[in-house]
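Tertiary structure, described
This is what each chain is made of:
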Amino acid sequence: MSNPSLLILPGDGIGPEVMAEVRRIIDWFGARRGIAFDVSEDLVGGCAYDKHGTPLHDDTMARAQEVDAVLLGAVGGPKYDSLDFSVKPERGLLRLRKEMDLYANLRPAQCFDALADFSSLKRDVVAGLDIMIVRELTSGIYFGEPRGIIREGNERVGINTQRYTESEIARVARSAFELARKRSNRVCSMEKANVMESGVLWREVVTEVHQAEYADVELSHMYADAGAMQLTRWPKQFDVIVTDNLFGDLLSDLAAMLTGSLGMLPSASLGAPMANGRPKALYEPVHGSAPDIAGKALANPIACILSFAMALRYSFDLGEEAARVERAVEKVLADGVRTADLMGPEGGTPVSTSAMGDAILAALDASL
Ligand code: NAD
């Protein structure tokens, strides 16, 4: 049987720097755990524009459709700010998400104990936090028609339309229930069924999918505004939260920031299962290309490394190995190893991107 395949797209700015550390971890799995991947690498974003005049070459797009998972660093930078909208680096990422039809965006909010004091909330509210927001990514108010700014009499009117079909709701609900089964088996669905018809349908369809296919998972419902309050009051009450594109945009940013630095936050975007049963999948850190620190060896590689851990868990069913990576990260943080973005008021000497990679590899070695 052939090895699982990974397409690596480091991108721009700090993307290649953080991805270099992920490559070392991929190599470690091959050498020390006998888990080998067929890795190919290509361009996306500004660097692809520089070479091909487009932020994502058709060949790269085709390759992304074939592989078991895509791992992306970051795209963009000031050099490309004046480019036409159609060839901006971000268009490469948007094309990947759209053509792979990645409708479920997974944003974990996980608080490592050593960083609990980084949160704006009290330590006991966030320490040990481990929740997952599943945001519908390809429909809803960001895509619904009609949209635009029209003139009505003497004034302009801005219009956007919230629109969800049953099948769009059902498929993202399934993603959330499947994830819950790999975690603590609880899903909370959030909408505004009290004031929005799309919310009423959302609640009905999630309930139907639950009853028909996932009765073993505990399901609850909450209005999204109440959900925002509960996330800041006592986030540990949640396991998996599933919600629409707009509410998910807000709630996932809120939840992620409960836990501190941007350099720590991974994400995954999943689509429909492929012939081999694996979902179409793109894994990437939440952060951008950080042009202010690019090329200075200051970038924190943990968000990208944890994105690879998500790939191990959600694309390759290697949950134990994903947990091994997460424990290695936990250990280096507990040992006080910090990149510059993780320096607290107590100060200390930050380590470089590759030294953080060294420390995580040493912790992985120690885990055997
Ligand atoms: P950014 O995430 O790149 O940076 C915001 C701040 O966080 C900066 O001060 C940066 O130094 C810091 N930071 C980010 N990641 C870090 C890491 N791993 N380690 C240490 N510090 C880190 O956001 P921005 O400055 O708004 O955008 C910069 C460029 O990135 C823009 O061109 C933007 O369009 C692009 N961008 C791309 C993505 C993506 O590729 N998914 C996401 C957001 C922004």
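Every buried residue of helix H4 (residues 89-99) is accounted for by Pro89, Gly92, Leu93 and Leu96. Seen end-on, H4 carries its buried residues on one side only, within an arc spanning 95°. The inward-facing, buried residues of H4 abut strand E1 (5-11), helix H2 (46-52), helix H3 (58-66), strand E3 (69-74) and strand E12 (279-285). Just past H4, the residue aspartate 101 takes up positive phi, approximately 50°.

Bringing the site of the ligand into the picture now. Close to the ligand lie 21 residues; Val75, Glu90, Gly288, Ala290 and Asp292 are nearest. In the model, an oxygen atom of the ligand is placed 2.7 Å from a nitrogen or oxygen of the alanine 290 main chain. Contact between the ligand and aspartate 292: an oxygen atom at 2.8 Å from a side-chain N or O atom of the residue. For the ligand, whose unbound accessible area comes to 800 Å², protein coverage reaches 68%. Residue classes in the shell around the ligand are distributed as 10 nonpolar, seven polar and four charged.

The full count for this structure, using the stated rule, is 26 salt bridges. With its nearest N and O atoms 3.0 Å apart, the salt bridge here joins aspartate 253 to arginine 107. In this pair, aspartate 253 sits in helix H9 (residues 245-257) while arginine 107 sits in strand E4 (residues 104-110), placing the two residues 146 residues apart along the sequence. When its relative accessible area of 10% is taken as the criterion, arginine 107 is described as buried. A single salt-bridge network, built from bridges that share partners, covers Glu21, Arg24 and Asp358.

Let's shift gears to the sheet that holds strand E11 (residues 266-273). With mixed pairing, 10 strands are arranged side by side in an open sheet as E2-E1-E3-E12-E11-E4-E5-E10-E8-E9. Single-partner strands in this sheet number two, and they are strand E2 (38-41) and strand E9 (218-223). Neighbour-to-neighbour, the strand axes of this sheet turn through a mean angle of 20°, independent of strand direction. Relative to E12, E3 runs parallel, the two sharing two bridges. Directly across from leucine 71, in E12, lies its bridge partner tyrosine 283. Lying on the sheet, helix H10 (residues 302-314) is in contact with E1, E3, E4, strand E5 (130-136), E11 and E12; it crosses E12 at an angle near 165°.

A separate point is H9. With 13 residues, H9 extends 18 Å from end C-alpha to end C-alpha; this agrees with the ideal 18 Å at 1.5 Å per step. Where H9 is concerned, the buried positions are Asn245, Phe247, Gly248, Leu251, Ser252, Ala255 and Ala256. Along the axis of H9, the buried residues cluster in a sector spanning 140°; they form a single face. Looking at the buried positions of H9, the neighbouring elements they touch are E4, E5, strand E8 (186-191), helix H8 (224-233) and strand E10 (240-243). Its side-chain oxygen at 3.2 Å from the backbone nitrogen of leucine 246, aspartate 244 defines the N-terminal cap of H9.

Conventions adopted
- Residues numbered from 1 in each chain as written.
- Predicted model: local features only at pLDDT ≥ 70, side-chain atom pairs only at ≥ 80, totals over all residues.
- Heavy atoms only, no water.
- Buried < 20%, exposed > 50% of the residue type's maximum accessible area, 1.4 Å probe, protein only.
- Helix = DSSP H or I, 4+ residues; strand = E, 2+ residues; numbered from the N terminus.
- Arc of directions from axis to C-beta.
- Contact = heavy atoms within 4.5 Å.
- Near = heavy atom within 4 Å.
- Polar contact = N/O pair within 3.5 Å; in protein donor to acceptor, adjacent residues only side chain to side chain.
- Areas by Shrake-Rupley, 256 points an atom, 1.4 Å probe, with all protein chains shown as cover.
- Nonpolar A, V, L, I, M, F, W, Y, C, P; charged D, E, K, R; others polar.
- Salt bridge = Lys/Arg side-chain N within 4 Å of Asp/Glu carboxyl O.
- Pairing = 2+ DSSP bridges.
- Axes fitted to C-alpha atoms, helices over the stretch in contact; angles between N-to-C directions.
- Expected span 1.5 Å × (residues − 1).

Don't take any of this as a statement about function, it's just geometry.
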